[in-house]
Amino acid sequence: MTNDKPRLLDLNPAELEALMAALGEPRFRARQVWDWLYRQLATDFDAMTSLPKSLRAQLAESAVIDMVEPVAETWSADRMAQKFLFRLRDGQLVESVLMHYEDEAAAVADADEGVTRGAGRHTVCISSQVGCAMGCVFCATGQMGLLRNLTPGEIVAQVLYAERILRRDGARVTNVVYMGMGEPLANFNAVWRSVETLHDPHGFNLGARRITLSTVGLVPGMRRLAEQDLPINLALSIHGATDEVRDTIVPINTRYALADIIAAARDYIAKTGRRLTVEWVLIQDVNDTPQQAERLADLLRGMLVHVNLIPLNPTAGYDGKTPTPARSLQFRDTLAARGIPTTLRMRRGIDVQAGCGQLRTQIVGGRPTSINPTLIATTDHRPPTTG
Ligand code: SAH
Ligand code: SF4
């Protein structure tokens, strides 16, 4: 029975109106509920005090607010990132990372999209699937395979959770990146609906330029994204500047060749005017050579891009090595010398977004199973004090 109830976070405004109409309620009630969900962050119907009590009771009977349930939380060593592991209704686990940037200078230096609001930036990195079918060899999420897609509400709920934590300190989520578990363009409809929900000016009201979707390069999805009327930021995980190298670490490359991916990326930039972020996980002796850097510079010449170099974060299922800092710097300098704006992210472990998928693996291993109770989260969301 419960399973058949509409889950409110999955609905768009029109569907919410239809639901209210079915309950015999006027349109403005739908707008009120939308406001409670996405502006006031209500997690239950009782909190929706502008609704008549009878309606609240009726809603509690006939619908659910499908929040994610936190089961573990960790802080990064530098206290700049918090990771959450969430349990979904069917027991599946996904994770989000909330990254804090102290000041504007740090946020600008981070240079993902060069946009800040006020003094602090708070970026939440969210999951779009449980696992991933793309099988990138170095990725903890890829190593577990695809278990299922997330629903729009399960995606949005991760952001609402982060927002609730931040609001206690008077802060807000300023940026959302689809860089957690999963390949967002392989779950296009749900992901796009979640983008629209987060963007809605009458609700969560997050600007398109504050939203970034990261893809491994699914060309049809990239083209479809370009057709949407919200120009969100695109990040492209390339990791190899020749098909030969890319094939060995990103198996989906055998389906969509590099030249086609770059063409789709160029078209996305032309259509949206947005700067493309290129992600490159540096792996020793695999893709950290000067030749790869030169080829990458050739591929990106003339494009509005920013390259993020991420030294490999080791995972149990892959024996590739993290390059030495000197080697990583050399790669960066080779790109920079060819006029490609590049940032090398030297922060380690879960301090980088790239650690997504690893908290889950650390706690339950690569497969869905019960949680080790000793790792169940604290409810204290303040950072541990430096000691
Ligand atoms: N599927 C999408 C988004 C999720 S992965 C994509 O691939 O873009 C987000 C980023 O984390 C990608 O750039 C991915 O290559 C990177 N990543 C995955 N595993 C990593 C690891 N072990 N070390 C460093 N970066 C990693
Ligand atoms: Fe999937 Fe991205 Fe991991 Fe590749 S890097 S397996 S596309 S989540």
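Everything below is about the structure shown above.
What counts, and at which threshold
- Residues numbered from 1 in each chain as written.
- Chains lettered and ligands numbered in written order.
- Predicted model: local features only at pLDDT ≥ 70, side-chain atom pairs only at ≥ 80, totals over all residues.
- Heavy atoms only, no water.
- Helix = DSSP H or I, 4+ residues; strand = E, 2+ residues; numbered from the N terminus.
- Buried < 20%, exposed > 50% of the residue type's maximum accessible area, 1.4 Å probe, protein only.
- Contact = heavy atoms within 4.5 Å.
- Areas by Shrake-Rupley, 256 points an atom, 1.4 Å probe, with all protein chains shown as cover.
- Expected span 1.5 Å × (residues − 1).
- Phe/Tyr/Trp six-rings, centres within 6.5 Å; stacked < 30°, edge-to-face > 60°.
- Polar contact = N/O pair within 3.5 Å; in protein donor to acceptor, adjacent residues only side chain to side chain.
- Pairing = 2+ DSSP bridges.
- Axes fitted to C-alpha atoms, helices over the stretch in contact; angles between N-to-C directions.
- Parallel < 35°, antiparallel > 145°, perpendicular 65-115°, else oblique.
- Left-handed = near helix turned anticlockwise from the far one by under 90°.
- Nonpolar A, V, L, I, M, F, W, Y, C, P; charged D, E, K, R; others polar.
- Core = buried A, V, L, I, M, F, W, Y, C linked by side-chain atoms within 4.5 Å.
- Domains from an automatic or database assignment.

Student: Requested: an account of the overall build of the protein, with residues and values cited.
Tutor: Secondary structure assignment for the protein yields 13 helices and 12 strands. The proportion of buried residues among the 387 residues of the protein is 57%. Considering only contacts within the protein whose residues lie at least 6 apart along the sequence, 69% involve residues at least 24 apart. As presented, the protein carries roughly 16,100 Å² of accessible surface, and 51% of it is formed by carbon and sulfur atoms.

Student: Which residues make up helix α6 (residues 152-167), and what values do they have?
Tutor: End to end, α6 covers 23 Å across 16 residues, agreeing with the expected 22 Å (1.5 Å per residue, within 8%). Counting buried positions along α6 gives 14 out of 16 residues, so the element sits mostly inside the fold.

Student: If you had to explain the packing of aromatic side chains to someone new, which residues and values would you point to?
Tutor: By the definition in use, this model includes 6 aromatic pairs. Plain terms: the ring middles of Trp-280 and Phe-331 are 5.4 Å apart, the flat faces sit at 35 degrees to each other, and that makes the pair tilted. Taken together, the positions of Trp-280 in strand β10 (residues 276-282) and Phe-331 in helix α12 (residues 325-337) put the pair 51 residues apart, joining distant regions of the chain. Here Trp-280 falls in the buried class, since its relative accessible area comes to 0%.

Student: Outline the side chain of Glu-95, listing residues and values.
Tutor: Its place among the elements puts Glu-95 in strand β3 (residues 93-101). Among the polar contacts listed, one links the side chain of Glu-95 to the side chain of Lys-83, at a separation of 2.8 Å.

Student: Please provide a residue-by-residue account of the sheet that holds strand β12 (residues 342-344), values included.
Tutor: Pairing is mixed in the open sheet, where 10 strands are placed in the order β1-β2-β3-β4-β7-β8-β9-β10-β11-β12. A single partner strand is all that each edge strand has here, and the edge strands are β1 (69-75) and β12. Between one strand axis and the next, the sheet turns by 20 degrees as a mean value, whatever way the strands run. For strand β8 (residues 211-215) and strand β9 (residues 233-237), the ladder comprises 4 bridges, and the chain directions are parallel. Counterpart to Thr-215 in the pairing with β9 is Leu-236. Across the face of the sheet, α6 comes into contact with β1, β2 (81-87), β3, β4 (121-125) and β7 (175-178) while running at roughly 40 degrees to β3.

Student: How would you explain the pairing of β4 if you had to name every residue and give the values?
Tutor: On a regular strand, one side chain projects to one face of the sheet and the next to the other, so that they alternate. For β4, the buried fraction is high: 5 of the 5 residues fall into the buried class. On β4, burial covers both faces: Arg-121, Thr-123 and Cys-125 on one face and His-122 and Val-124 on the other are all buried. Judged from the 5 bridges that link them, β3 and β4 form a sheet pairing that is antiparallel. Following the sheet pairing, Val-97 is matched in β4 by Cys-125. Bridge count for β4 against β7 is 3 bridges, and the pairing is parallel. Each bridged residue has a counterpart across the sheet, and for Val-124 the counterpart in β7 is Val-176.

Student: Go over the packing of helix α11 (residues 290-300) against α12, please, and point to the residues and values.
Tutor: Running from amino to carboxyl end, α11 crosses α12 at an angle of 30 degrees, the nearest separation of the two axes being 9 Å. In terms of axis orientation, α11 runs roughly parallel to α12. When you trace α11 past α12, the crossing you get is right-handed. Contacts between α11 and α12 involve Pro-290, Gln-292, Ala-293, Glu-294, Leu-296 and Ala-297 from the first element and Arg-327, Gln-330, Phe-331, Thr-334 and Leu-335 from the second. Considered class by class, the residues forming the contact of α11 with α12 number 6 nonpolar, 3 polar and 2 charged.

Student: Tell me about the environment of Gln-40, and please be specific about residues and values.
Tutor: Checked against the element boundaries, Gln-40 lands in the loop between α2 (27-38) and α3 (53-62). Given a relative accessible area of 43%, Gln-40 falls into the partly exposed group. In contact with Gln-40, not counting residues within four places along its chain, are Asp-35 and Arg-167. Within the structure, Gln-40 has its side chain in polar contact with the side chain of Asp-35 (distance 2.9 Å).

Student: Break down the nonpolar core for me, citing the residues and quoting the values.
Tutor: Membership of the largest hydrophobic core comes to 106 residues, with the highest contact counts inside it found for Leu-8, Tyr-178, Ile-232 and Leu-300. In terms of residue count, the dominant contributor to this core is α6 (9 residues). Split by domain, the residues of this core number at least three in each of domain 1 (13-65) and domain 2 (69-366). Leave out the neighbours within four places in its chain, and Leu-8 touches Leu-16, Leu-19, Val-33, Leu-37, Tyr-38, Phe-45, Ala-63, Val-64, Ile-65 and Asp-66. Grouped together as the second largest cluster of nonpolar side chains are 8 residues, Met-99, Cys-125, Val-177 and Ala-235 included.

Student: Any details on unusual backbone geometry? Residues and values, ideally.
Tutor: The backbone of Leu-41 shows a phi angle near 60 degrees, a positive value even though the residue is not glycine. Mapped onto the elements of the fold, Leu-41 is located in the loop between α2 and α3. Backbone geometry places Asn-205, a non-glycine residue, at a positive phi of 60 degrees. Relative to the helices and strands, Asn-205 resides in the loop between α7 (188-199) and β8.

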